[in-house]
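Each chain, written out:
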Amino acid sequence: MVMRPLWSLLLWEALLPITVTGAQVLSKVGGSVLLVAARPPGFQVREAIWRSLWPSEELLATFFRGSLETLYHSRFLGRAQLHSNLSLELGPLESGDSGNFSVLMVDTRGQPWTQTLQLKVYDAVPRPVVQVFIAVGGDSQPSKTCQVFLSCWAPNVSEITYSWRRETTMDFGMELHSLFTDGQVLSISLGPGDRDVAYSCIVSNPVSWDLATVTPWDSCHHEAAPGKASYKDVLLVVVPVSLLLMLVTFFSAWHWCPCSGKKKKDVRADRVGPETENPLVQDLP
């Protein structure tokens, strides 16, 4: 067994000064990752041990007397492979595999070297869903102009970023457009010259990305009459903001209006009656 060399390695870690380096490694669920055991030039490894430090401390792999061992009981059992260069490969990765790892190495002169790494595992970004909402034209809207809201959404993804791209050779000037809710909603104004212009919503996280593309002018031809479906679609975007403004106005008016105190005063006067001058005197049965 390797218990004695293992205890000697842990003793080296406890008693001798160790050089510690840190790095962050990113990967996605279902993929694999290589934790590279970096060491100084000329460092000839005699013994090595890989461990998981957080969320739980577990022994993952060891190297003793030229033998590589990864058959330790841990959450990575069957998913860990120690290469000849002492780098540790983990996979396929699961969502709970994020954590801190360390490799402790001792060279032929007995000098230790420790490296720590942080692994972050992300879910792959799914293809987003883009919905097109058409605003009903009003007096202020130029003729033959179509006001469009593009809403983009990707479910169950952490640290996600939304961005938009106009699929054309011309530059997409965002100053001519409006973005809402951290880039999830794009407001654009289309004219007859934009009938073939497509817009793509791009969703991404640190390890993956995907996109969905729509041609919004096609929806402008299906615009319903005022008060119909397209008007209700716009309300999905406008109503929440309107309700918030109404609530703010209501509570502000309630705070400054003296009517509540006036009503209480009138009620007391009615109970006292015109013949009673002292409001503290009550009628006996």
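What you see is a predicted model; the values in this text were computed from it and never measured. (Residues numbered from 1 in each chain as written. Predicted model: local features only at pLDDT ≥ 70, side-chain atom pairs only at ≥ 80, totals over all residues. Heavy atoms only, no water.)

Regarding the environment of Trp-164
- With respect to the helices, strands and loops of the structure, Trp-164 is situated in strand 12 (residues 161-167).
- Separated by 39 residues in the primary sequence, Trp-164 and Val-203 have C-alpha atoms spaced 8.9 Å apart.
- Polar contacts involving the side chain of Trp-164 include one to the main-chain carbonyl oxygen of Gly-183, which spans 2.7 Å. (Helix = DSSP H or I, 4+ residues; strand = E, 2+ residues; numbered from the N terminus. Polar contact = N/O pair within 3.5 Å; in protein donor to acceptor, adjacent residues only side chain to side chain.)

Description of the state of the cysteines
- Applying the stated criterion across every chain, the model contains two disulfides.
- Sulfur-sulfur distance for the disulfide between Cys-152 and Cys-201 comes to 1.9 Å. Between Cys-152 and Cys-201, the S-S torsion sits near -85°, and that sign places the bridge as left-handed. Here the residue Cys-152 occupies a position in strand 11 (residues 146-153), and Cys-201 occupies one in strand 15 (residues 198-205), the gap between them amounting to 49 residues. As far as burial versus exposure is concerned, Cys-152 and Cys-201 are alike and both buried. (Disulfide = S-S within 2.5 Å. Buried < 20%, exposed > 50% of the residue type's maximum accessible area, 1.4 Å probe, protein only.)

Considerations on the sheet that holds strand 13 (residues 178-180)
- The strand order across the open sheet formed by four strands is 10-11-14-13, and the pairing between neighbours is antiparallel. Looking at strand neighbours, the two that pair on one side only are strand 10 (129-134) and strand 13, the edges of this open sheet. On average, adjacent strands in this sheet sit at an angle of 25° to one another, irrespective of strand direction. (Pairing = 2+ DSSP bridges. Axes fitted to C-alpha atoms, helices over the stretch in contact; angles between N-to-C directions.)

Thoughts on unusual backbone geometry
- Cis geometry is found at the peptide bond from Trp-54 to Pro-55, where omega equals 10°.
- Topologically, Pro-55 is positioned in the loop between strand 3 (45-54) and strand 4 (58-64).
- Its identity as a non-glycine residue notwithstanding, Arg-65 has a phi of 50°, on the positive side.
- Along the chain, Arg-65 falls in the loop between strand 4 and strand 5 (67-69).
- In this structure Arg-65 comes out as exposed when scored by relative accessible area, which is 82%.
- Residues other than glycine seldom take positive phi values, yet Leu-86 does so here, at roughly 75°.
- With respect to the element layout, Leu-86 can be found in the loop between strand 6 (80-82) and strand 7 (88-90).
- Here Leu-86 falls in the buried class, since its relative accessible area comes to 4%.

A closer look at the pattern of salt bridges
- Inspection of every chain in the model, using the stated rule, returns nine salt bridges.
- Where Arg-165 meets Glu-167, a salt bridge forms, and the shortest distance between an N and an O atom there is 2.9 Å.
- Classification of Arg-165 by relative accessible area gives partly exposed; the value is 38%.
- A relative accessible area of 33% places Glu-167 in the partly exposed class. (Salt bridge = Lys/Arg side-chain N within 4 Å of Asp/Glu carboxyl O.)

Brief notes about the nonpolar core
- Counting residues in hydrophobic clusters, the biggest one holds 25 residues, and the most contacted among them are Leu-35, Trp-50, Leu-88, Leu-90, Phe-101, Met-105 and Leu-119.
- Secondary-structure elements contributing two or more residues to this core are strand 2 (33-35), strand 3, strand 4, strand 6, strand 7, strand 8 (99-107) and strand 9 (112-122).
- It is strand 9 that provides the largest number of residues to this core, a total of four residues.
- Not counting the four nearest positions on each side in its chain, Met-105 is found in contact with Ala-37, Ala-38, Arg-39, Phe-43, Val-45, Glu-47, Ala-48, Leu-86, Gln-111, Pro-112 and Trp-113. (Core = buried A, V, L, I, M, F, W, Y, C linked by side-chain atoms within 4.5 Å. Contact = heavy atoms within 4.5 Å.)

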